[in-house]
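As a plain string of letters, each chain reads:
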Amino acid sequence: NSNMATMILKRLFGHSNSMMPDAYLRHNPFVQKRRQESLLSNQKQVASQISKAISSNKVAGSKSDSMRSGASDMYKEFQSKVDSTISFEEYLAEKLFERIETEQIYSMLTPMSVICIRNSIDTSEAPCARAKYRQMREDKEFSKAISNVLGLLPNPKECVGIACKDALIGDWSLPLYE
């Protein structure tokens, strides 16, 4: 998962560039399995953090109202399950993880310490991606009307923090605040 792994393979096998070692790593079943395990672990951790923040009402940001509203609806569903052996926080974390894993929502911690919660079918330009996609359209002479119907991914490197409509703030944001 690092550039160092590519550099080590490059030196071990005497490659002149990093394309071959990178290809070996990308197609290695052991590396693929480890990356998938790491991805699932990170997704579960994010879902758990969000669930805990929502359950304890320690969440803010543009996306917090819709997350609270969704959690309220899920709470009603949770209460209807009489035989439930898990807490609502665990139930909410499972539901969030399910949506993240199936790519119904994007969920990523940005360099601005906000979690970007973006619906994957949202085709509007995210504030963090505007400059990137504007430049791409200009370079490729691509119509904005066409790009408006495509799902455009957020660009976490250009995160605008709480100014974004998809921003969620919680305990994970405290290091930036401090």
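See the structure above.
Attention in this report is confined to the structure presented alongside it. (Residues numbered from 1 in each chain as written. Predicted model: local features only at pLDDT ≥ 70, side-chain atom pairs only at ≥ 80, totals over all residues. Heavy atoms only, no water.)

Some details on a nonpolar patch on the surface
For step 1, the next point in the chain: A surface patch of nonpolar side chains, amounting to about 560 Å² of accessible area, comprises Met4, Met7, Ile8, Leu12 and Phe13.
For step 2, the next point in the chain: Assignment of secondary structure puts methionine 4 in helix 1 (residues 3–13).
For step 3, the next point in the chain: Note on methionine 4: relative accessible area 48%, which makes it partly exposed. (Patch = residues over 30% accessible without salt bridge, like charges linked within 9 Å, V, L, I, M, F, W, Y side chains within 5 Å. Areas by Shrake-Rupley, 256 points an atom, 1.4 Å probe, with all protein chains shown as cover. Salt bridge = Lys/Arg side-chain N within 4 Å of Asp/Glu carboxyl O. Helix = DSSP H or I, 4+ residues; strand = E, 2+ residues; numbered from the N terminus. Buried < 20%, exposed > 50% of the residue type's maximum accessible area, 1.4 Å probe, protein only.)

Here's the deal with unusual backbone geometry
Most peptide bonds take the trans configuration, and most residues that are not glycine carry a negative phi.
For step 1, the next point in the chain: Despite not being glycine, asparagine 57 shows a phi value in the positive range, around 55 degrees.
For step 2, the next point in the chain: Looking at the secondary structure, you find asparagine 57 in the loop between helix 3 (29–55) and helix 4 (64–79).
For step 3, the next point in the chain: Judged by relative accessible area, asparagine 57 falls into the exposed class, the value being 52%.
For step 4, the next point in the chain: Unlike most non-glycine residues, glutamate 103 shows phi in positive territory, near 60 degrees.
For step 5, the next point in the chain: The class of glutamate 103 is exposed, set by a relative accessible area of 57%.

Things to note about a negative patch on the surface
For step 1, the next point in the chain: On the surface, Glu89, Glu90, Glu94, Glu98 and Glu101 cluster together into a negatively charged patch.
For step 2, the next point in the chain: With respect to the helices and strands, the residue glutamate 90 is situated in helix 5 (residues 88–101). (Lys, Arg positive; Asp, Glu negative; His and termini not counted. Charge placed at Lys NZ, Arg CZ, Asp CG, Glu CD.)

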